Amino acid sequence: QSAGGLHPPLSFHPTAPRRGAAPAPRTRTGTPPRSERGTPPAPGERGSGTREAAGSAATRGPPAEPAAAAAEARALLAEGLAAAAMLCSSSSPVSAPAARIFAEADSFLPTMRRIAARPWGEGGSCKDIPRLVKRTTYTAGGGAAVMSESEDPRTLPLVRDLLVMLTRDVEPEREAAVREALADLSPFENLEEQVAVADMLAAVGGDDSAAVRVLRLMHQGVVLHAKAIIVSTFGIITKDVREARGWRVGIEVNEGNVQVTHTRVEQSIDTSTSEHYEFTWCARVTLNRSVTEVTNASLRVNNLDFGEGMDEERKRELRRTLVGDVIVA
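Residues numbered from 1 in each chain as written. Predicted model: local features only at pLDDT ≥ 70, side-chain atom pairs only at ≥ 80, totals over all residues. Heavy atoms only, no water.

### With respect to the overall build of the chain
For the chain, the count of helices and strands is 13 helices and 7 strands. Taking all 329 residues of the chain together, 50% fall into the buried category. Within the chain, residue pairs in contact and separated by at least 24 positions form 71% of the contacts whose partners lie at least 6 positions apart. Here the chain has roughly 14,800 Å² of accessible surface; of this, 51% comes from carbon and sulfur atoms. (Helix = DSSP H or I, 4+ residues; strand = E, 2+ residues; numbered from the N terminus. Buried < 20%, exposed > 50% of the residue type's maximum accessible area, 1.4 Å probe, protein only. Contact = heavy atoms within 4.5 Å. Areas by Shrake-Rupley, 256 points an atom, 1.4 Å probe, with all protein chains shown as cover.)

Shown next, in the form of structure tokens:
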């Protein structure tokens, strides 16, 4: 397996459908103890209180507990804040420690490979997928988008549709089993969203599934690391745009690869509209067609908007600083 390998292709053996007692009710107030949660459903199974898992537990990995996922998120955020703090305390436009850690051309691709290689139950994706799926655009074969950003308040049907479409386009031999596994969402609907998504990912095969391996990149670690590189490269401190347009995800299945793109909008920290500006940056991760390896990763700023009344010289300075070159390719 190469340095960028994600997961060796594994065989998939859906079990025959089995009907049983309805699952024990669980509330949205938190994740039940692991001993009470049972095993997630395998493709073709649903409605049983003691569901058998698809694939081995070692391959699939358990869903991350909310506390562990939160701790990981805090650690990733701390990395970005540390880079910003080093910049603010340095007289140099780019802090040497921050540049060394975050802005080396070789750092972005290995980091994306590490994020993509984390088992789905350990990487925090189960927390990020529910909030990002409504901001996701999916395309296949270079055609028009077959799934666009949605205002539908129901998260689970969108997650199901995305899993089905990805499986259809990347692993068509598994499509029927995935459709069967997720045909009835009622076993998942009374669960906390993070737990429900974890059970759905397990139901389609966990890390054995190419679709699940793609969704491991719907992870805030991608944008936190990219933001840290931008901070250390340009020596600027900005803040997120807290709207739907502020963070969007694109998934594109092509003939020879699969690409996951995170697009973020940043805005300046200021009190004057004449000094306000926004810019858009894009982090793109490319995987091979079987979704077993990250082959490339790039980061670039591709748009810059100014507030009314900004001085022309300031506009030229920002354009020279932010737009035109690929930061990491």
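### Describing helix α6 (residues 125-132)
Because an α-helix packs 3.6 residues into every turn, residues spaced three or four apart end up facing the same way. With respect to burial, α6 is a largely interior element, 6 of its 8 residues being buried. Taken together, the buried positions of α6 are Ser 125, Cys 126, Asp 128, Ile 129, Pro 130 and Leu 132.

### As for the pairing of strand β3 (residues 247-253)
Remember that side chains alternate between the two faces of the sheet whenever the strand is regular. For β3, the buried fraction is high: 5 of the 7 residues fall into the buried class. With 7 bridges joining them, β3 and strand β4 (residues 257-268) adopt antiparallel strand pairing. Bridge pairing links Val 249 to His 262 in β4. Here β3 hands over to β4 after 3 residues, the two strands then running antiparallel side by side. (Pairing = 2+ DSSP bridges.)

### Remarks on the environment of Arg 113
Turning to its location among the elements, Arg 113 is positioned in helix α5 (residues 108-117). Classification of Arg 113 as partly exposed rests on a relative accessible area of 21%.

### Looking at helix α10 (residues 193-203)
Extensive coverage of α10 is indicated by the burial of 10 of its 11 residues. Within α10 the residues assigned to the buried category are Gln 194, Val 195, Ala 196, Val 197, Ala 198, Asp 199, Met 200, Leu 201, Ala 202 and Ala 203. Two residues or fewer after α10 comes Gly 205, characterised by a positive phi angle close to 120 degrees.

### A closer look at the nonpolar core
Ranked by internal contacts, the top residues of the largest apolar core, which has 69 residues, are Leu 162, Leu 163, Leu 166, Leu 201, Leu 215, Ile 251 and Trp 281. For this core, the leading source of residues is helix α7 (residues 155-170), giving 9 residues. Beyond its immediate chain neighbours, meaning those up to four positions away, Leu 162 contacts Val 133, Tyr 138, Met 147, Leu 215, Met 218 and Ile 251. (Core = buried A, V, L, I, M, F, W, Y, C linked by side-chain atoms within 4.5 Å.)

Read these as geometric descriptors, not functional statements.
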